[in-house]
Amino acid sequence: MRRRLLPSLSALRTFEAVARHESFTMAAAELNVTQSAASRQVRTLEDYLELPLFRRTSRRSELTQGGRYYFNLVRDAFDRVEAGTSELIATRRGGGTLTVGMLPTFGTRWLIPRLERFRERHPEILINIISSDGQFELDAPKLDVAVQFGTGSWADAVAEPLLSEEIVIACSPSLIEGSRRLRSLEDLANFVLLQHTTRHHAWPHWFRSVGFDEEGARWGPSFEHFFMLIQAAQSGMGVALLPRILIEDEIARGVLVLPLPVRVSGPGAYYLVTPKAKQDLARVKLFRGWLLEEVARLPRPQRNEAA
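Residues numbered from 1 in each chain as written. Predicted model: local features only at pLDDT ≥ 70, side-chain atom pairs only at ≥ 80, totals over all residues. Heavy atoms only, no water.

**Structural notes on the overall build of the protein chain**
Turning to step 1, where the next piece is worked out: Summing up its helical and strand segments, the protein chain has 10 helices and 10 strands in all.
Turning to step 2, where the next piece is worked out: Computed over C-alpha atoms, the radius of gyration of the protein chain comes to 27 Å, more than 25% over the 19 Å expected from 2.2 N^0.38 for 307 residues, which places it beyond the range of a compact globule.
Turning to step 3, where the next piece is worked out: Dimensions of the protein chain, computed from C-alpha atoms along their principal axes, come out at roughly 85 × 45 × 40 Å.
Turning to step 4, where the next piece is worked out: Among the 307 residues that make up the protein chain, the fraction classed as buried is 43%.
Turning to step 5, where the next piece is worked out: Of the side chains in the protein chain, 39 bear a positive and 36 a negative charge, and the two mean positions are spaced by 5 Å. (Helix = DSSP H or I, 4+ residues; strand = E, 2+ residues; numbered from the N terminus. Rg over C-alpha atoms; globule rule 2.2 N^0.38 Å. Buried < 20%, exposed > 50% of the residue type's maximum accessible area, 1.4 Å probe, protein only. Lys, Arg positive; Asp, Glu negative; His and termini not counted. Charge placed at Lys NZ, Arg CZ, Asp CG, Glu CD.)

Structure (structure tokens):
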């Protein structure tokens, strides 16, 4: 078995403290050692690496180019170890903080209204919600799980299908009153088509799925988040292509209508994505089990058939 190429942990701790303070004196005080002892530890590390890590001046100790690179690497490693240690201490009795990454509109419309049931079942776990319309950095130390939209392929992570996505044509009822009818695919040419910034493929996918040519489409403004797109459609700015799961409330209240009875499956689905390093944590297992129960309670068309 290959032996790891690792220097002394004491030398690394001393180097990190000196680099952070840019001072041997301040680092020695933090570590409760003498300045000469701190200097010896750094010198040992430099000898091991066979390169200088600091330029020593009369006022402070400045990192060399190689020292700056190594400091960023060592600091990141220490941050991860510290975060992992805190996690294990906090979760040894099943508690701690669970950090969940979610898409803003999906989280607001679907997940957050259900979280109280998880909190009631597991009051010992504190939920921390972070959001992004893009892809989460799954190797971030504090991220435990994320609900992502995609095709199920994420590196160094376990992806479990949750919900499929039925995308529908939606608009304000006022937009199609009077002589402005929207009863056929051909009628779409008379309306502005609202777009989603990060789902630029959505309309082309929809047109291909229904076998209709998008040439002549009146492309309208783009919106970064679904909740913006929903509001724009509700305000009568145009016709939007939206996941039905996100607009059930608006449909029930009559502020959005579905003028074309066309059902199209989205090009992706919602997945619960867990970094492989976190999949066995107690709080992650409890959240996963609860979330899959919530999905199982939904009518079958809303579930991801791959599940």
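Still to come is the rest of the account.
**Observations regarding helix α8 (residues 226-234)**
Turning to step 1, where the next piece is worked out: For α8, the complete set of buried residues consists of Phe-226, Leu-229, Ile-230, Ala-232 and Ala-233. Relative to the axis of α8, the buried residues are bounded by an arc of 160 degrees and lie together on one face.
Turning to step 2, where the next piece is worked out: Here the buried face of α8 lies against α5 (104-111), β6 (157-170), β7 (192-196), β8 (218-223), β9 (240-243) and α9 (248-253). (Arc of directions from axis to C-beta. Contact = heavy atoms within 4.5 Å.)

**Looking at the environment of Leu-246**
Turning to step 1, where the next piece is worked out: Here Leu-246 shows up in the loop between β9 and α9.
Turning to step 2, where the next piece is worked out: For the pair formed by Leu-246 and Ile-230, sequence separation is 16 residues and the distance between their alpha carbons is 8.8 Å.
Turning to step 3, where the next piece is worked out: Every residue in contact with Leu-246, bar those within four places of it in the chain, is listed here: Thr-105, Phe-106, Arg-109, Phe-226, Ile-230 and Tyr-270.

**Examining the packing of helix α1 (residues 9-21) against helix α2 (residues 24-31)**
Turning to step 1, where the next piece is worked out: Running from amino to carboxyl end, α1 crosses α2 at an angle of 130 degrees, the nearest separation of the two axes being 8 Å. Judged by the inter-axis angle, α1 sits oblique to α2. In the packing of α1 onto α2, the handedness of the crossing is right-handed. Together, Arg-13, Thr-14, Ala-17, Val-18, Arg-20 and His-21 of α1 and Phe-24, Met-26, Ala-27, Glu-30 and Leu-31 of α2 make up the contact between the two elements.
Turning to step 2, where the next piece is worked out: In terms of residue class, the contact of α1 with α2 is made up of 6 nonpolar, 2 polar and 3 charged. (Axes fitted to C-alpha atoms, helices over the stretch in contact; angles between N-to-C directions. Parallel < 35°, antiparallel > 145°, perpendicular 65-115°, else oblique. Left-handed = near helix turned anticlockwise from the far one by under 90°. Nonpolar A, V, L, I, M, F, W, Y, C, P; charged D, E, K, R; others polar.)

**Side note on the pattern of salt bridges**
Here the idea is simple: oppositely charged side chains can pair when their charged atoms come close.
Turning to step 1, where the next piece is worked out: Counted according to the given criterion, the structure contains 18 salt bridges.
Turning to step 2, where the next piece is worked out: Between Arg-80 and Asp-76 there is a salt bridge, with the nearest N and O atoms lying 3.1 Å from each other. Residue Arg-80 and its partner Asp-76 are located together in helix α4 (residues 65-91), separated by 4 residues, close to a single helical turn.
Turning to step 3, where the next piece is worked out: When the shortest N-O distance is used, the salt bridge between Arg-288 and Glu-160 registers 2.6 Å. Of this pair, Arg-288 sits in helix α10 (residues 282-296) while Glu-160 sits in strand β6; the two residues are 128 residues apart in sequence, bridging distant segments of the chain.
Turning to step 4, where the next piece is worked out: Classification of Arg-288 by relative accessible area gives partly exposed; the value is 36%.
Turning to step 5, where the next piece is worked out: Here the salt bridges share partners, and the residues they tie into one network are Arg-109, Asp-249, Glu-250 and Arg-253. (Salt bridge = Lys/Arg side-chain N within 4 Å of Asp/Glu carboxyl O.)

**Re the side chain of His-225**
Turning to step 1, where the next piece is worked out: Locating His-225 in the fold gives a position in the loop between β8 and α8.
Turning to step 2, where the next piece is worked out: On the accessibility criterion, His-225 (16% relative accessible area) is buried.

**Examining the packing of aromatic side chains**
Turning to step 1, where the next piece is worked out: Per the stated rule, a full pass over the model turns up 15 aromatic pairs.
Turning to step 2, where the next piece is worked out: For the ring pair Phe-149 and Tyr-270, a centre distance of 5.3 Å and an interplane angle of 70 degrees mean the geometry is edge-to-face. Highlighted residues: Phe-149 in strand β5 (residues 145-150) and Tyr-270 in strand β10 (residues 264-275), separated in sequence by 121 residues. In this pair, the class of Phe-149 matches that of Tyr-270, namely buried.
Turning to step 3, where the next piece is worked out: Linked through ring pairs, Trp-203, Trp-206, Phe-207, Phe-212 and Trp-219 together constitute an aromatic cluster. (Phe/Tyr/Trp six-rings, centres within 6.5 Å; stacked < 30°, edge-to-face > 60°.)

**As for helix α3 (residues 35-49)**
Turning to step 1, where the next piece is worked out: For α3, which comprises 15 residues, the first-to-last C-alpha distance of 21 Å matches the rise-based estimate of 21 Å (1.5 Å per residue) to within 8%.
Turning to step 2, where the next piece is worked out: Inspection of α3 places Ala-37, Ala-38, Val-42, Leu-45 and Glu-46 among the buried residues, and these make up the whole buried set.
Turning to step 3, where the next piece is worked out: Positioned one or two residues after α3, Glu-50 has a phi angle of 60 degrees, which is positive. (Expected span 1.5 Å × (residues − 1).)

**Observations concerning the sheet that holds strand β3 (residues 96-102)**
Turning to step 1, where the next piece is worked out: Strand order in this open sheet of 6 strands is β4-β3-β5-β10-β6-β9, and the pairing throughout is mixed. Sheet topology places β4 (125-131) and β9 at the edges, where each strand pairs with a single neighbour. With strand direction ignored, the average angle separating the axes of adjacent strands in the sheet is 25 degrees.
Turning to step 2, where the next piece is worked out: Across 7 bridges, β3 lies against β4 in parallel orientation. The residue bridging Gly-101 from the neighbouring strand is Ile-130, located in β4.
Turning to step 3, where the next piece is worked out: Contacting β3, β4, β5, β6 and β10, α5 runs over the sheet at an angle of about 115 degrees to β3.
Turning to step 4, where the next piece is worked out: Here α10 sits on the sheet in contact with β3, β4, β5, β6 and β10, set at roughly 35 degrees to β6. (Pairing = 2+ DSSP bridges.)

**Overview of unusual backbone geometry**
Turning to step 1, where the next piece is worked out: Here Asn-32, not a glycine, exhibits a phi torsion of approximately 60 degrees, which is positive.
Turning to step 2, where the next piece is worked out: Secondary-structure assignment places Asn-32 in the loop between α2 and α3.
Turning to step 3, where the next piece is worked out: What makes Asn-32 exposed here is its relative accessible area of 73%.
Turning to step 4, where the next piece is worked out: Here Asp-156, not a glycine, exhibits a phi torsion of approximately 55 degrees, which is positive.

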